[in-house]
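A closer look at the structure
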Amino acid sequence: MIKKMLLTVLCTVSFSAIQAQSEPTVTSSETSFYEQIPGVSNIIQFAKKHLHTRYRSGGTSPKGFDCSGFTRFCFSKFGINLPHSSAAQGNVGHAIDAAEAQPGDLIFFKGHSASGSRIGHVGMITEVIGDKIKFIHSAWNGGIRYDYLHADYYQRRFVGVRRVAALLSEKES
C-alpha cells in the first residue's frame, strides 16, 4: 500500500515538473510591452479567433483571407487602417530589428521566390520567446495558421519586421 502511495506521489510530482517546463514563460519585456500598448493583446486575441479560416486570393473577410487581407482586417477592427498589399504594408509604421520584435509587430517575407527582393507575404507576430518568433498569417496551403520564423522556409524569405502597434497607442490617447 505504501509503495502505491509513493508511486502516485512520485508520478504527480514528475508530471507537475514536466508541465512546468513546457509552459512558456512571459518575460518582463513582453509584459511591459503589453502595458505600454494594451490593445496589442486584443488584436492578437481577435486574430486567433480566425485560425483555420481558408485562404482566398484577394480575400478580406472571414469567408477567406489572403495574407495582407488578414492583417488589414485584424488591425482595422482596432482603428488602424493598413493598405491591402503586403508590399504597401511594408511601408507602414517603422522598421524594427528582429531581435527587438514584439507581439503585434508585422513580419514580412519575400513572395514565391526566395531569390527575389520584393515583399510578397505578411503575418503578425503573436509570441516571442527567446529567439523564437511565432506569427499568425494566411498561407495559401492551410489558411490562417501559426508558423515560426526559425523554420527554413521562412528564414530564406525573411525581409523584416515593422512596428505598427505604436499607431494603436496614438488611437488610445
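Structural data are supplied above this passage.
Residues numbered from 1 in each chain as written. Predicted model: local features only at pLDDT ≥ 70, side-chain atom pairs only at ≥ 80, totals over all residues. Heavy atoms only, no water.

Broken down by element type, the chain carries seven helices and eight strands. In the chain, buried positions account for 39% of the 173 residues. Carbon together with sulfur atoms contributes 55% to the accessible area of the chain, which is approximately 9900 Å² in total. (Helix = DSSP H or I, 4+ residues; strand = E, 2+ residues; numbered from the N terminus. Buried < 20%, exposed > 50% of the residue type's maximum accessible area, 1.4 Å probe, protein only. Areas by Shrake-Rupley, 256 points an atom, 1.4 Å probe, with all protein chains shown as cover.)

Another point: the side chain of Arg157. Note that Arg157 resides in helix H6 (residues 152-157). One buried charge, Arg157, has no salt-bridge partner; the nearest side chain with opposite charge is Asp152, at 9.9 Å. Separated by 3.4 Å, the side chain of Arg157 and the backbone oxygen of Gly111 make a polar contact. (Lys, Arg positive; Asp, Glu negative; His and termini not counted. Salt bridge = Lys/Arg side-chain N within 4 Å of Asp/Glu carboxyl O. Polar contact = N/O pair within 3.5 Å; in protein donor to acceptor, adjacent residues only side chain to side chain.)

It is worth spelling out the pairing of strand E7 (residues 143-148) at this point. Pairing of strand E6 (residues 132-139) with E7, which is carried by six bridges, proceeds in the antiparallel orientation. Following the sheet pairing, His137 is matched in E7 by Arg145. (Pairing = 2+ DSSP bridges.)

Bringing the side chain of Thr53 into the picture now. The residue Thr53 is located in the loop between helix H3 (39-48) and strand E1 (60-61) in this model. According to the relative accessible area criterion, Thr53 is buried, its value standing at 13%. Only 2.7 Å separates the side chain of Thr53 from the backbone oxygen of His50, close enough to count as a polar contact. Discounting residues that sit within four places of it in the chain, Thr53 has contacts with Pro62, Gly64, Phe65, Gly143 and Ile144. (Contact = heavy atoms within 4.5 Å.)

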